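Survey of secondary and tertiary structure
Single-letter residue listing:
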Amino acid sequence: MRRVSTIAVAGIATAALAFSVTACGSSSEEGSKDAGVGLAYDVGGRGDHSFNDSAAKGYDKALKDFDVKGKELTAKDGDTDADRYDKLASLAEAGYNPVIGVGYAWTPSLTKAAKKYKDTDFAIIDSVVDAKNVASLVSAEHEGSYLAGVAAGLKTKSDKVGFIGGTDSALIKKFAGGFQQGLKDTNPKASLDVQWVQVGSAKGFGMPDRGKDIAEGMLSNKVDVIFSAAGGSGAGAIEATAGKKGTWSIGVDGDQYYDKGLSQYKNSILTSMVKNVDGSVYDFIKSVVKDKKAESGVQSYDLKRGGVSLSYSGGFIDDIKPKIEAAKKKIIDGQIKVNDTYKD
């Protein structure tokens, strides 16, 4: 990212400070809270063309707008909760404030860190941590996914649609549940094939080859629209649909039509269920570094608040826009109550 030399120097200083505090056996924070913003990505990190990149977009904008520095860390495959806690603790010990955990997998470690570092403002995305110094930034993924289901139901020609989830967590089942309902309400004849990249493990968000394999299997069974909520693994699914004429992928989190890393496949991306993580990250950082009044508690970003949406990039669903907008209005008005979990 930008200002590499500055970040590198800050990283060295952070490591040195964290080491010295640990060596002294200190259990409290030291130093002032002006090091900048700490951001801890989930597996895949910056460059996953999905969830992490959306958070990075809000982080980058905040650093620029508020003229603050930042430090980024990324969870690795196989990291335990203790490993994740160490990452958050290193940021807090070094004076980064706020500190943000990107993804529900940070829940146990961030809960522990918030309890210890009570003077640090934390935020977690896609989970709820009940603490006074934590903002829980949650989205109505099921509402946005319902609209993706409407689009899939209207655009499928084979009446066979697929969903690929990174794992079978409650969060990803929100995507699947909303998509399933939107599809069935729109096209009762359509069938839905749901598969998980890695059952019971967040590793499923960083396996693009596996995502591609699953998608190719679906395509061979005449599925012609695939929605992936699978982080980096979804990029593999997008590659697969781009390789078969007449099939579509639905992107997630960011507007993947404009993702530079997926530009060669953009004409096969029907739409994207945009989850405005960048907006929630930006708002939270602003509340701490500019407004000096940190958000806390549950901050819900739904369709009404603009927290989720369906993109029209590429013009591929312009012909069905009136029906999508009608469904959106019914959800906002409460006429449609969207399922928040997948039903087998």
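One numbering rule holds for all chains: residues counted from 1, following each sequence as written. The predicted origin of the model limits local features to residues at a pLDDT of at least 70 and limits the giving and counting of side-chain atom pairs to 80 or more, whereas totals for whole chains, interfaces and linings rest on all residues. The side-chain figures draw on all heavy atoms in the structure; neither hydrogens nor water molecules are used.

Below, the discussion takes up the overall build of the protein. Numbering of helices and strands starts at the N terminus; helices are DSSP runs of H or I of at least 4 residues and strands are runs of E of at least 2. From N to C terminus, the protein includes 10 helices and 12 strands. With respect to the principal axes defined by its C-alpha atoms, the protein has extents near 65 × 40 × 35 Å. Computed with the Shrake-Rupley method and a 1.4 Å probe, the accessible areas treat only the protein chains shown as cover for residues. Accessible surface, the protein: about 14,800 Å² in total, of which carbon and sulfur atoms supply 50%. Computed over 46 positive and 45 negative side-chain charges, the separation of the two mean positions in the protein equals 3 Å. When charges are tallied, Lys and Arg are placed among the positive residues and Asp and Glu among the negative ones, while His and the ends of the chain are skipped. By convention, the charge on Lys lies at NZ, on Arg at CZ, on Asp at CG and on Glu at CD.

The next thing to look at is the nonpolar core. By size, the foremost hydrophobic cluster in this structure holds 39 residues, and its most contacted members are F163, F175, F179 and F227. Note on contacts: a residue pair is in contact if any heavy atoms of the two residues lie within 4.5 Å. Ignoring anything within four residues of it in the chain, the contact list for F163 reads I172, F175, A176, F179, L192, D193, V194, Q195, W196, M218, F227 and A229. For our purposes a nonpolar core is just a set of buried Ala, Val, Leu, Ile, Met, Phe, Trp, Tyr and Cys residues, chained together by side-chain atoms within 4.5 Å. Here's how the labels work: a residue is buried when its accessible area is under 20% of the maximum for its type, exposed when over 50%, partly exposed in between, all with a 1.4 Å probe on protein chains only. Among the nonpolar cores identified, the runner-up in size contains 23 residues, and F51, L63, V102 and I125 belong to it.

What counts as a ring pair is set by centres within 6.5 Å for rings of Phe, Tyr and Trp (its six-membered ring), and what kind of pair is set by the plane angle: stacked under 30 degrees, edge-to-face over 60, tilted for all other angles. By the definition in use, this model includes nine aromatic pairs. Here F163 and F227 contribute two aromatic rings whose centre-to-centre distance is 5.5 Å and whose plane-to-plane angle is 75°, an arrangement assigned as edge-to-face. A residue pair is termed long-range when its members are at least 10 positions apart, and F163 in strand β6 (residues 160-165) and F227 in strand β8 (residues 225-229) qualify at 64 residues. The burial state of F163 is the same as that of F227; both residues are buried. For the pair Y257 and F316, a centre-to-centre distance of 6.2 Å together with 70° between the ring planes defines the contact as edge-to-face. In this pair, Y257 sits in the loop between β9 (248-253) and β10 (269-275) while F316 sits in the loop between β12 (308-310) and α10 (321-333), placing the two residues 59 residues apart along the sequence. Owing to a relative accessible area of 19%, F316 belongs among the buried residues under this scheme. Pairwise contacts between aromatic rings join F163, F179, W196, F227 and Y342 into one cluster.

Side chains of strand β4 (residues 122-125) alternate between two faces, with F122 and I124 and A123 and I125 buried alike. In short, DSSP must find at least two bridges between two strands for them to pair. Sheet analysis places strand β3 (residues 96-102) next to β4, joined by four bridges and oriented parallel. Bridging across to β4, I100 finds its partner in A123. Relative to strand β5 (residues 134-139), β4 runs parallel, the two sharing four bridges. Looking at the pairing, F122 lines up with V134 of β5.

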